[in-house]
Amino acid sequence: MRNLKQLAFFICLSAYCTLSAQEAKKAMTFDEMVSWKRITEQAISHDGKWVACKMEPWRGDASIFVYNAKGEMTASFLPAGHAEFSTSSKYLLVTKKPELEKVEALKLKKTKEADMPSDELIIFNLPEKKETIDSLKSYKLSESADWIAYKRSSKSDTVLHVRALDGSKEISFSDVNEFGFARKSNVLYYSTDSTVCTYTPDKGSSLIFEGKGVFSQITFNETGSKIAFLHCPDKDSTNTLYSLYLAENNAPARLVADKKAAFLPTGWVKRKSAFF
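Counting restarts for each chain: residues are numbered from 1 in the order of the written sequence. Owing to the predicted nature of the model, reporting of local features is limited to residues with pLDDT of at least 70; listing and counting of side-chain atom pairs is limited to 80 or more, with chain, interface and lining totals taken over all residues. Each side-chain value is worked out from all heavy atoms of the structure, with water and hydrogens disregarded.

## As for the overall build of the protein chain
Part 1 of the reasoning: Per the convention used, a helix needs a DSSP run of H or I reaching at least four residues, while a strand needs a run of E reaching at least two, with both numbered from the N terminus. Broken down by element type, the protein chain carries 3 helices and 19 strands.
Part 2 of the reasoning: Exposed residues in this analysis have more than 50% of their type's maximum accessible area, buried residues have under 20%, and partly exposed residues fall in between, with area computed by a 1.4 Å probe over protein chains only. Among the 276 residues that make up the protein chain, the fraction classed as buried is 42%.
Part 3 of the reasoning: In the protein chain, 36% of the contacts between residues at least 6 apart in sequence involve partners at least 24 apart.
Part 4 of the reasoning: Each accessible area value is a Shrake-Rupley result obtained with a 1.4 Å probe; residue values ignore everything except the protein chains displayed when judging cover. Surface exposure of the protein chain reaches about 15,800 Å², of which carbon and sulfur atoms provide 50%. Any two residues whose heavy atoms approach within 4.5 Å at even a single point are treated as in contact.

As C-alpha cells, this is what we get:
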C-alpha cells in the first residue's frame, strides 16, 4: 500500500509539474497565483491499477484526472468535486460540479435555489464507459459491493434510488429522509417520517421500526447485523423525549433505554448526543 501511495503521489506531482511548467518560467501575476493548481485529493483503486487525483486552483473550477498504472492519463473531468473507486476497482464515481462563474452569475441575479444548477454523478466503468446521473443531491457508495444509493436534488423528489453500478438491478423507496450502508456488508438502512427499514439485494426490505416522530443518529455496526437509533414521537420535545432502540439481524427493534430506564439517574433524559 505504501508503494501505491508513492506511485499516486508521483503521478499527481508529474501532472502538476506539467501543467505548471510554462507558468514557472516568468514572474507570476496575482491572477496567475489565484489560478495556480494544487493537488487536493488522490485515490487509488483497490487493485492498484488506477489513480485519480484532483487538481484545484485557489479560486476556480477543480479538475479530476485519471491515470493507469503506467502513469498515462486516460480520462479527465472538469469541473469536478470528488472521486472514489468502487470496491471491485471496476468503477470510478466522480461528482461533477456546476461551473463557478455560472453559479456566481446566477447568484448575482438572485436566482432561486430551486433554479440553480445541480451536481451530476458520473459512473465511470473503467477504462472508458460513462453514465451520468443528473440533479444529484447526495449519494452513498457501498464499501463491500458495487452498489450505490442516491437522491436527486429536487425538493419534491424524496425518492431514494438504490442500484447495482452495472445497472443490472434497481429499486426505489419513497419519502426517504436518511440512508446509509454498513461498512463491511452490503446492507442499507433508510428512514422516513414514520419508519426505519433495512434493505439487502438478496433479501429485500425489512421493517425495523414504525412510529411517527423524529429519528436521529441511525447507526450500523460494521457488519450491518445490528442497527441502533434514537426516536422521539414528538418533534417539539426532542430535547427530553428521545428513546434508544436496537435491532438485530433485521428483526423489529426493541427499546433499550428511555427516560424511565432504571440505570439512569433521576432526572436524566436521553438527548441526541448524550445522557443528561
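## Quick look at the sheet that holds strand E12 (residues 178-181)
Part 1 of the reasoning: Ordered by their spatial adjacency, 4 strands build an open sheet running E12-E13-E14-E15, and the pairing between neighbours is antiparallel. If you trace the sheet from one side to the other, it starts and ends with E12 and strand E15 (204-210), each paired once. Recorded for the sheet is a direction-independent mean angle of 15 degrees between the axes of neighbouring strands.
Part 2 of the reasoning: One bridge is not enough; two strands pair if DSSP finds at least two bridges between them. Here 4 bridges tie E12 to strand E13 (residues 188-191), and the two strands are oriented antiparallel to one another. Lines are fitted to the C-alpha atoms to define the axes, a helix being fitted only along its stretch in contact, and any angle between axes, read from their N-to-C directions, falls within 0 to 180 degrees.

## With respect to the pairing of strand E5 (residues 80-85)
Part 1 of the reasoning: The pairing of E5 with strand E6 (residues 91-96) spans 5 bridges and is classified as antiparallel. Considered in E6, the bridge of Ala83 is made with Val94.
Part 2 of the reasoning: Linking two consecutive strands that pair antiparallel, namely E5 and E6, is a turn of 5 residues; a positive phi of about 70 degrees is found at Ser89 within it.

## What to know about the nonpolar core
Part 1 of the reasoning: One finds Val66, Phe77, Leu92 and Val94 to be the most contacted residues of the largest nonpolar core, which totals 15 residues.
Part 2 of the reasoning: Per element, the largest residue contribution to this core is 3 residues, and it comes from E5.
Part 3 of the reasoning: In contact with Leu92, other than residues within four places in its own chain, are Ala52, Val66, Ala83, Glu84, Phe85, Ile122, Ile123, Phe124 and Leu126. Nonpolar cores are built from buried Ala, Val, Leu, Ile, Met, Phe, Trp, Tyr and Cys residues. Side-chain atoms within 4.5 Å join them into one set.

## Let's talk about the side chain of Asp119
Part 1 of the reasoning: Take Asp119: it is sitting in strand E7 (residues 119-125).
Part 2 of the reasoning: One polar contact links Asp119 to Lys97, side chain to side chain, over a distance of 2.9 Å.
Part 3 of the reasoning: Sequence-distant contacts of Asp119, defined by excluding residues within four places in its chain, comprise Thr95, Lys96, Lys97, Pro98, Asp134, Ser135 and Leu136. Whenever a nitrogen or oxygen atom comes within 3.5 Å of another N or O atom, the pair is scored as a polar contact, on the condition that within protein one atom can donate a hydrogen and the other can accept it, and that pairs from neighbouring residues in sequence are kept only if both atoms are in side chains.

## Details of the sheet that holds strand E10 (residues 160-164)
Part 1 of the reasoning: Ordered in space as E5-E6-E7-E8-E9-E10-E11, the 7 strands form an open sheet in which the pairing is antiparallel. Of all strands in the sheet, those bounded by a partner on one side alone are E5 and strand E11 (170-173). Strand-to-strand, the axes of this sheet are offset by a mean angle of 30 degrees, without reference to chain direction.

## Here we look at the environment of Gly180
Part 1 of the reasoning: Its location among the elements puts Gly180 in strand E12.
Part 2 of the reasoning: Measuring from C-alpha to C-alpha, the distance between Gly180 and Ile218 comes to 8.8 Å, with 38 residues separating the pair along the chain.
Part 3 of the reasoning: When residues no more than four places from it in sequence are discounted, the contact partners of Gly180 are Lys140, Val187, Leu188, Tyr189 and Phe220.

## Here we look at unusual backbone geometry
Note on backbone geometry: most residues besides glycine have negative phi, and most peptide bonds are trans.
Part 1 of the reasoning: Here the amide bond leading from Leu78 into Pro79 is cis, since omega sits at -10 degrees, within 30 degrees of zero.
Part 2 of the reasoning: Positionally, Pro79 belongs in the loop between strand E4 (73-77) and E5.
Part 3 of the reasoning: Look at the link from Leu126 to Pro127: it is a cis peptide, with omega at 10 degrees.
Part 4 of the reasoning: Along the polypeptide, Pro127 turns up in the loop between E7 and strand E8 (129-141).

## Remarks on the pattern of salt bridges
Part 1 of the reasoning: Only one rule defines a salt bridge in this text: a Lys or Arg side-chain nitrogen within 4 Å of an Asp or Glu carboxyl oxygen. For the structure on display, the rule yields 9 salt bridges.
Part 2 of the reasoning: The closest approach of N and O atoms between Asp134 and Arg152, which form a salt bridge, is 3.3 Å. Taken together, the residues span a long stretch of sequence, with Asp134 in strand E8 and Arg152 in strand E9 (residues 147-152) at a distance of 18 residues.
Part 3 of the reasoning: Bridged by salt links that share partners, the residues Glu41, Lys54 and Glu56 form one connected network.

## A few points about the side chain of Lys54
Part 1 of the reasoning: Here Lys54 lies in strand E2 (residues 50-57).
Part 2 of the reasoning: For Lys54, the side chain forms a polar contact with the main-chain oxygen of Gly81, separated by 2.7 Å.
Part 3 of the reasoning: Beyond its immediate sequence surroundings of up to four residues, Lys54 is in contact with Arg38, Ile39, Thr40, Glu41, Ala62, Ser63, Ile64, Ala80 and Gly81.

## A short note on the environment of Tyr199
Part 1 of the reasoning: Tracing the backbone through its elements, the reader meets Tyr199 in strand E14 (residues 195-200).
Part 2 of the reasoning: Take Tyr199: its relative accessible area is 4%, and that puts it in the buried class.
Part 3 of the reasoning: Along the sequence, Tyr199 and Val162 sit 37 residues apart, while their C-alpha atoms lie 9.5 Å from each other.

## Notes on the confidence of the model for the protein chain
Part 1 of the reasoning: As a per-residue quantity, pLDDT reports the predictor's confidence and falls between 0 and 100. Summarising the model, the protein chain shows a mean pLDDT of 85, and 80% of its residues fall at 70 or more.
Part 2 of the reasoning: Mean pLDDT values over the elements of the protein chain span from 53, in helix H1 (residues 2-20), up to 98, in E13.
Part 3 of the reasoning: Confidence drops under pLDDT 50 across residues 19-23; counting only partners more than four residues distant or on other chains, this segment forms 6 contacts.

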